[in-house]
Amino acid sequence: MNPEISIIIPVYKAEKYLRRCLDSVLSQTLSNWECILVDDGSPDQSGAICDEYAAKDSRFRVIHKPNGGVSSARNEGLDTAKGEFICFIDSDDWVGPKYLEHLHFLESDLVISGLFNVNEKGKIIKTKEFKNALFELSKIGLNEFERTVFSSKGPYCKRYRRTIIESNNIRFEEGIHASEDFLFVLSYIGKCKTIQTSQMIDYYYQHNYGSLVSCVWSFDDELKLNYLFKKVIVSLSTVFPESILRLLEKYRCTLLYRAINSIYLMERKDVRLAKLKELKTIDFGYGVSFNKLYFEHSWKFGLLHWLYRVNLFSIYDFVKTHIK
(Lines give C-alpha, C1' and ligand atoms only; values in the text may rest on other atoms or scores of the structure.)
Protein backbone atom coordinates (compact mmCIF):
# COMPACT_ATOMS: atom_id res chain seq x y z
CA MET A 1 0.00 0.00 0.00
CA ASN A 2 1.34 3.40 -0.95
CA PRO A 3 1.79 6.00 1.78
CA GLU A 4 -0.80 8.73 2.14
CA ILE A 5 1.83 11.46 2.22
CA SER A 6 5.47 11.72 1.16
CA ILE A 7 7.72 14.00 3.17
CA ILE A 8 10.78 15.25 1.28
CA ILE A 9 13.73 16.52 3.31
CA PRO A 10 16.86 17.80 1.52
CA VAL A 11 19.88 17.26 3.75
CA TYR A 12 23.19 19.13 3.61
CA LYS A 13 25.50 19.97 6.53
CA ALA A 14 22.60 19.35 8.90
CA GLU A 15 24.12 17.12 11.58
CA LYS A 16 23.54 19.69 14.33
CA TYR A 17 19.75 19.74 13.92
CA LEU A 18 18.84 16.69 11.82
CA ARG A 19 17.90 14.34 14.67
CA ARG A 20 15.50 16.95 16.07
CA CYS A 21 13.84 17.18 12.65
CA LEU A 22 13.59 13.40 12.14
CA ASP A 23 12.35 12.77 15.69
CA SER A 24 9.51 15.21 15.01
CA VAL A 25 8.58 13.18 11.93
CA LEU A 26 8.60 9.97 14.00
CA SER A 27 6.22 11.59 16.50
CA GLN A 28 3.43 12.14 13.91
CA THR A 29 -0.07 11.02 14.83
CA LEU A 30 -0.69 10.20 11.16
CA SER A 31 1.29 7.01 10.67
CA ASN A 32 0.95 6.20 6.96
CA TRP A 33 3.80 8.33 5.63
CA GLU A 34 7.13 7.93 3.93
CA CYS A 35 10.04 10.29 4.52
CA ILE A 36 12.53 10.66 1.69
CA LEU A 37 15.88 11.91 2.99
CA VAL A 38 18.04 13.25 0.18
CA ASP A 39 21.65 13.45 1.30
CA ASP A 40 22.99 16.06 -1.10
CA GLY A 41 26.64 15.06 -0.83
CA SER A 42 26.88 16.37 2.72
CA PRO A 43 30.51 16.34 3.98
CA ASP A 44 29.56 15.94 7.65
CA GLN A 45 27.76 13.10 9.44
CA SER A 46 24.33 13.97 8.02
CA GLY A 47 24.33 11.02 5.61
CA ALA A 48 25.15 8.59 8.41
CA ILE A 49 22.35 10.01 10.55
CA CYS A 50 19.93 9.47 7.65
CA ASP A 51 21.04 5.85 7.37
CA GLU A 52 20.64 5.42 11.13
CA TYR A 53 16.97 6.46 11.03
CA ALA A 54 16.26 4.36 7.92
CA ALA A 55 17.70 1.32 9.72
CA LYS A 56 15.29 1.66 12.64
CA ASP A 57 12.14 2.67 10.68
CA SER A 58 11.42 1.49 7.14
CA ARG A 59 9.26 4.55 6.46
CA PHE A 60 12.50 6.51 6.06
CA ARG A 61 14.14 6.15 2.65
CA VAL A 62 17.59 7.58 1.99
CA ILE A 63 19.04 8.81 -1.29
CA HIS A 64 22.76 9.63 -1.35
CA LYS A 65 23.75 11.83 -4.28
CA PRO A 66 26.59 14.18 -5.30
CA ASN A 67 26.06 17.77 -4.22
CA GLY A 68 23.76 19.58 -6.61
CA GLY A 69 21.95 22.11 -4.46
CA VAL A 70 18.62 22.16 -2.64
CA SER A 71 16.51 22.25 -5.84
CA SER A 72 18.30 19.19 -7.17
CA ALA A 73 17.73 17.37 -3.87
CA ARG A 74 14.02 18.23 -3.76
CA ASN A 75 13.61 17.11 -7.38
CA GLU A 76 15.29 13.81 -6.55
CA GLY A 77 12.73 13.34 -3.80
CA LEU A 78 9.85 14.16 -6.13
CA ASP A 79 11.13 11.63 -8.67
CA THR A 80 10.87 8.79 -6.15
CA ALA A 81 7.85 9.86 -4.03
CA LYS A 82 4.91 7.44 -3.89
CA GLY A 83 2.43 9.26 -1.63
CA GLU A 84 -0.89 10.72 -2.67
CA PHE A 85 0.27 14.02 -1.22
CA ILE A 86 3.64 15.78 -0.91
CA CYS A 87 5.08 18.04 1.74
CA PHE A 88 8.55 19.49 2.28
CA ILE A 89 10.44 19.99 5.54
CA ASP A 90 13.85 21.65 5.81
CA SER A 91 16.44 19.64 7.76
CA ASP A 92 17.03 22.34 10.38
CA ASP A 93 13.28 22.81 11.03
CA TRP A 94 10.85 20.59 12.90
CA VAL A 95 7.11 19.98 13.13
CA GLY A 96 4.52 19.35 15.81
CA PRO A 97 3.04 15.83 16.24
CA LYS A 98 -0.22 16.66 14.41
CA TYR A 99 1.41 18.44 11.47
CA LEU A 100 0.64 15.76 8.87
CA GLU A 101 -2.79 15.07 10.32
CA HIS A 102 -3.81 18.71 10.06
CA LEU A 103 -2.57 18.97 6.46
CA HIS A 104 -3.87 15.62 5.26
CA PHE A 105 -7.55 15.83 6.10
CA LEU A 106 -8.22 19.05 4.19
CA GLU A 107 -9.56 18.58 0.68
CA SER A 108 -8.04 21.44 -1.31
CA ASP A 109 -5.44 21.08 -4.09
CA LEU A 110 -3.09 23.24 -2.03
CA VAL A 111 -3.15 23.59 1.75
CA ILE A 112 -1.18 26.39 3.44
CA SER A 113 -0.59 26.52 7.18
CA GLY A 114 1.19 28.96 9.44
CA LEU A 115 4.58 28.68 11.09
CA PHE A 116 6.61 29.73 14.09
CA ASN A 117 9.84 31.54 13.25
CA VAL A 118 12.41 30.42 15.82
CA ASN A 119 16.00 31.38 16.50
CA GLU A 120 18.90 28.94 16.82
CA LYS A 121 18.01 28.35 20.47
CA GLY A 122 14.48 27.29 19.49
CA LYS A 123 12.82 30.43 20.90
CA ILE A 124 9.79 31.69 18.95
CA ILE A 125 10.54 35.16 17.58
CA LYS A 126 7.63 35.59 15.18
CA THR A 127 4.40 33.82 14.24
CA LYS A 128 2.76 33.63 10.82
CA GLU A 129 -0.85 32.53 11.06
CA PHE A 130 -3.89 32.16 8.83
CA LYS A 131 -7.64 31.76 9.28
CA ASN A 132 -9.47 28.66 8.11
CA ALA A 133 -10.57 29.59 4.60
CA LEU A 134 -11.18 28.00 1.20
CA PHE A 135 -10.60 29.88 -2.06
CA GLU A 136 -11.48 29.00 -5.63
CA LEU A 137 -8.51 30.01 -7.72
CA SER A 138 -10.71 31.43 -10.48
CA LYS A 139 -12.33 33.80 -7.98
CA ILE A 140 -9.43 34.75 -5.70
CA GLY A 141 -8.86 38.47 -5.34
CA LEU A 142 -5.72 40.51 -4.77
CA ASN A 143 -6.16 40.85 -1.01
CA GLU A 144 -6.73 37.12 -0.53
CA PHE A 145 -3.76 36.29 -2.77
CA GLU A 146 -1.47 38.64 -0.83
CA ARG A 147 -2.58 37.25 2.55
CA THR A 148 -2.14 33.62 1.51
CA VAL A 149 0.21 32.74 -1.35
CA PHE A 150 2.29 35.92 -1.50
CA SER A 151 2.91 35.97 2.24
CA SER A 152 4.06 32.32 2.23
CA LYS A 153 6.48 31.91 -0.67
CA GLY A 154 8.48 28.89 0.53
CA PRO A 155 7.60 25.25 -0.29
CA TYR A 156 7.23 24.25 3.39
CA CYS A 157 4.01 24.64 5.42
CA LYS A 158 2.14 23.39 2.38
CA ARG A 159 0.56 20.15 1.19
CA TYR A 160 0.51 19.37 -2.53
CA ARG A 161 -1.25 16.73 -4.65
CA ARG A 162 1.33 14.54 -6.30
CA THR A 163 -0.92 13.92 -9.33
CA ILE A 164 -0.89 17.66 -10.12
CA ILE A 165 2.89 17.81 -9.78
CA GLU A 166 3.49 14.76 -11.94
CA SER A 167 0.89 15.36 -14.66
CA ASN A 168 2.30 18.85 -15.23
CA ASN A 169 5.98 17.90 -14.71
CA ILE A 170 6.44 20.60 -12.09
CA ARG A 171 9.94 20.69 -10.64
CA PHE A 172 12.25 23.09 -8.83
CA GLU A 173 14.43 25.10 -11.20
CA GLU A 174 18.05 24.02 -10.86
CA GLY A 175 20.90 26.42 -11.53
CA ILE A 176 19.45 29.43 -9.71
CA HIS A 177 20.05 30.19 -6.07
CA ALA A 178 17.17 32.41 -4.90
CA SER A 179 13.37 32.45 -5.23
CA GLU A 180 13.39 29.05 -6.97
CA ASP A 181 10.97 27.80 -4.30
CA PHE A 182 8.47 30.59 -5.07
CA LEU A 183 8.73 29.72 -8.77
CA PHE A 184 7.77 26.15 -7.88
CA VAL A 185 4.83 27.27 -5.74
CA LEU A 186 3.53 29.61 -8.47
CA SER A 187 3.89 26.92 -11.15
CA TYR A 188 1.90 24.53 -8.97
CA ILE A 189 -0.79 27.05 -8.10
CA GLY A 190 -1.37 27.70 -11.80
CA LYS A 191 -2.66 24.11 -12.07
CA CYS A 192 -4.87 24.19 -8.95
CA LYS A 193 -8.59 24.75 -8.61
CA THR A 194 -8.72 25.46 -4.88
CA ILE A 195 -6.45 26.79 -2.12
CA GLN A 196 -7.15 26.28 1.55
CA THR A 197 -5.54 27.97 4.53
CA SER A 198 -5.44 26.40 7.98
CA GLN A 199 -5.34 28.16 11.33
CA MET A 200 -3.25 25.33 12.78
CA ILE A 201 0.43 26.15 13.37
CA ASP A 202 2.65 23.08 13.59
CA TYR A 203 5.81 24.08 11.70
CA TYR A 204 8.90 25.52 13.40
CA TYR A 205 11.06 27.41 10.91
CA GLN A 206 14.55 28.11 12.15
CA HIS A 207 15.92 31.45 11.01
CA ASN A 208 19.62 31.13 10.25
CA TYR A 209 21.53 34.38 9.89
CA GLY A 210 23.73 34.69 6.85
CA SER A 211 21.45 32.49 4.73
CA LEU A 212 21.39 32.33 0.93
CA VAL A 213 18.60 34.92 0.78
CA SER A 214 21.08 37.75 1.33
CA CYS A 215 23.63 36.47 -1.20
CA VAL A 216 24.19 38.03 -4.61
CA TRP A 217 25.05 35.67 -7.45
CA SER A 218 26.46 36.22 -10.93
CA PHE A 219 24.77 38.59 -13.35
CA ASP A 220 23.78 35.71 -15.65
CA ASP A 221 22.22 33.79 -12.74
CA GLU A 222 20.28 36.83 -11.55
CA LEU A 223 19.09 37.58 -15.09
CA LYS A 224 18.01 33.95 -15.56
CA LEU A 225 15.92 34.26 -12.41
CA ASN A 226 14.19 37.30 -13.86
CA TYR A 227 13.39 35.58 -17.17
CA LEU A 228 12.02 32.51 -15.37
CA PHE A 229 9.65 34.71 -13.37
CA LYS A 230 8.50 36.35 -16.59
CA LYS A 231 7.75 32.92 -18.04
CA VAL A 232 5.71 31.88 -15.00
CA ILE A 233 3.80 35.17 -14.91
CA VAL A 234 2.87 34.78 -18.57
CA SER A 235 1.63 31.24 -17.86
CA LEU A 236 -0.59 32.64 -15.08
CA SER A 237 -2.14 35.34 -17.27
CA THR A 238 -5.13 33.07 -18.01
CA VAL A 239 -5.55 32.20 -14.33
CA PHE A 240 -5.29 35.42 -12.34
CA PRO A 241 -6.80 38.89 -12.74
CA GLU A 242 -4.58 41.79 -13.76
CA SER A 243 -4.23 43.04 -10.17
CA ILE A 244 -2.44 39.84 -9.11
CA LEU A 245 -0.33 39.77 -12.27
CA ARG A 246 0.69 43.34 -11.52
CA LEU A 247 1.76 42.33 -8.00
CA LEU A 248 3.89 39.49 -9.41
CA GLU A 249 5.44 41.84 -11.98
CA LYS A 250 6.28 44.28 -9.22
CA TYR A 251 8.03 41.44 -7.38
CA ARG A 252 9.92 40.63 -10.58
CA CYS A 253 11.04 44.26 -10.76
CA THR A 254 12.55 44.04 -7.30
CA LEU A 255 14.62 41.05 -8.43
CA LEU A 256 16.50 43.45 -10.71
CA TYR A 257 17.96 45.08 -7.61
CA ARG A 258 19.84 41.83 -7.19
CA ALA A 259 20.93 41.89 -10.85
CA ILE A 260 22.25 45.44 -10.51
CA ASN A 261 24.13 44.56 -7.34
CA SER A 262 25.67 41.57 -9.12
CA ILE A 263 27.09 43.94 -11.75
CA TYR A 264 29.20 45.52 -9.04
CA LEU A 265 30.96 42.25 -8.41
CA MET A 266 32.66 42.95 -11.75
CA GLU A 267 35.88 44.93 -11.93
CA ARG A 268 35.81 46.42 -15.44
CA LYS A 269 33.76 49.58 -15.87
CA ASP A 270 32.97 48.95 -19.55
CA VAL A 271 31.46 45.58 -18.66
CA ARG A 272 29.37 47.13 -15.91
CA LEU A 273 28.03 49.82 -18.25
CA ALA A 274 27.12 47.23 -20.88
CA LYS A 275 25.21 45.20 -18.29
CA LEU A 276 23.34 48.28 -17.04
CA LYS A 277 22.22 48.99 -20.60
CA GLU A 278 21.15 45.37 -21.00
CA LEU A 279 18.92 45.65 -17.94
CA LYS A 280 17.17 48.66 -19.46
CA THR A 281 15.95 46.48 -22.34
CA ILE A 282 14.02 44.06 -20.12
CA ASP A 283 10.30 44.14 -20.76
CA PHE A 284 7.73 44.51 -17.98
CA GLY A 285 4.02 44.08 -18.51
CA TYR A 286 0.89 45.31 -16.74
CA GLY A 287 2.10 48.90 -16.53
CA VAL A 288 4.81 48.16 -13.95
CA SER A 289 7.99 50.18 -14.29
CA PHE A 290 11.26 49.06 -12.77
CA ASN A 291 12.52 52.65 -13.03
CA LYS A 292 9.77 53.89 -10.74
CA LEU A 293 10.52 51.16 -8.23
CA TYR A 294 14.24 51.82 -8.15
CA PHE A 295 14.01 54.33 -5.34
CA GLU A 296 14.81 54.29 -1.65
CA HIS A 297 14.36 57.01 0.95
CA SER A 298 17.82 58.55 0.72
CA TRP A 299 19.36 61.18 -1.54
CA LYS A 300 21.82 58.69 -2.98
CA PHE A 301 19.21 56.22 -4.19
CA GLY A 302 17.00 59.03 -5.41
CA LEU A 303 19.90 60.33 -7.50
CA LEU A 304 20.75 56.84 -8.76
CA HIS A 305 17.13 56.33 -9.77
CA TRP A 306 17.13 59.51 -11.82
CA LEU A 307 20.50 58.80 -13.49
CA TYR A 308 19.41 55.30 -14.41
CA ARG A 309 16.07 56.51 -15.77
CA VAL A 310 17.69 59.06 -18.09
CA ASN A 311 20.39 56.60 -19.29
CA LEU A 312 23.34 58.44 -17.75
CA PHE A 313 25.06 55.16 -17.02
CA SER A 314 28.63 56.50 -16.70
CA ILE A 315 27.58 59.02 -14.07
CA TYR A 316 25.39 56.38 -12.42
CA ASP A 317 28.39 54.06 -12.24
CA PHE A 318 30.56 56.81 -10.73
CA VAL A 319 27.98 57.59 -8.02
CA LYS A 320 27.48 53.90 -7.30
CA THR A 321 31.18 53.20 -6.88
CA HIS A 322 32.46 56.42 -5.30
CA ILE A 323 29.76 57.82 -3.03
CA LYS A 324 29.19 55.79 0.12
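Higher on the page you've got the structure.
Remember, predicted model here, so these are calculated numbers, not experimental data.

(A) Spotlight on the environment of phenylalanine 130. Along the polypeptide, phenylalanine 130 turns up in the loop between strand 7 (124–128) and strand 8 (133–136). If near-sequence neighbours (up to four positions away) are discounted, phenylalanine 130 is found in contact with Ile112, Ser113, Gly114, Arg147, Thr148, Ser151, Ser152, Thr197, Ser198 and Gln199.

(B) Region of the structure containing the pairing of strand 7. As paired strands, strand 6 (residues 110–118) and strand 7 are joined by 4 bridges and run antiparallel to one another. Within strand 7, the residue paired with phenylalanine 116 across the bridge is threonine 127. Where strand 6 folds back onto strand 7 in an antiparallel hairpin, the turn is made up of 5 residues, including glycine 122, whose phi is positive at roughly 85 degrees.

(C) Here's a closer look at unusual backbone geometry. Backbone geometry at cysteine 157 places phi at a positive 60 degrees, although glycine is not the residue there. Looking at the secondary structure, you find cysteine 157 in the loop between helix 5 (142–147) and strand 9 (158–161). The class for cysteine 157 is buried, based on a relative accessible area of 0%. In the Ramachandran plot, asparagine 311 falls in the positive-phi region, its phi being about 70 degrees despite a non-glycine side chain. Take asparagine 311: it is sitting in the loop between helix 12 (299–309) and helix 13 (313–322).

(D) View of the packing of aromatic side chains. Scanning the entire structure with this criterion turns up 21 aromatic pairs. On the numbers, 4.9 Å between centres and 5 degrees between planes, the contact of tryptophan 94 with tyrosine 204 is stacked. One end of the pair, tryptophan 94, is in strand 5 (residues 94–95); the other, tyrosine 204, is in strand 10 (residues 194–206), and 110 residues separate them in sequence. The partly exposed category is assigned to tyrosine 204, whose relative accessible area is 22%. By way of ring pairs, the aromatic residues Phe88, Tyr160, Phe172, Phe184 and Tyr188 are connected into one cluster. Taking NZ or CZ as reference, arginine 74 lies 5.3 Å from the ring centre of phenylalanine 172, over its face. Sitting above the plane of the phenylalanine 182 ring, lysine 153 keeps its charged end 5.7 Å from the centroid.

Rules of the game
- Residues numbered from 1 in each chain as written.
- Predicted model: local features only at pLDDT ≥ 70, side-chain atom pairs only at ≥ 80, totals over all residues.
- Heavy atoms only, no water.
- Helix = DSSP H or I, 4+ residues; strand = E, 2+ residues; numbered from the N terminus.
- Contact = heavy atoms within 4.5 Å.
- Pairing = 2+ DSSP bridges.
- Buried < 20%, exposed > 50% of the residue type's maximum accessible area, 1.4 Å probe, protein only.
- Phe/Tyr/Trp six-rings, centres within 6.5 Å; stacked < 30°, edge-to-face > 60°.
- Lys NZ or Arg CZ within 6 Å of the ring centre and 35° of its normal.

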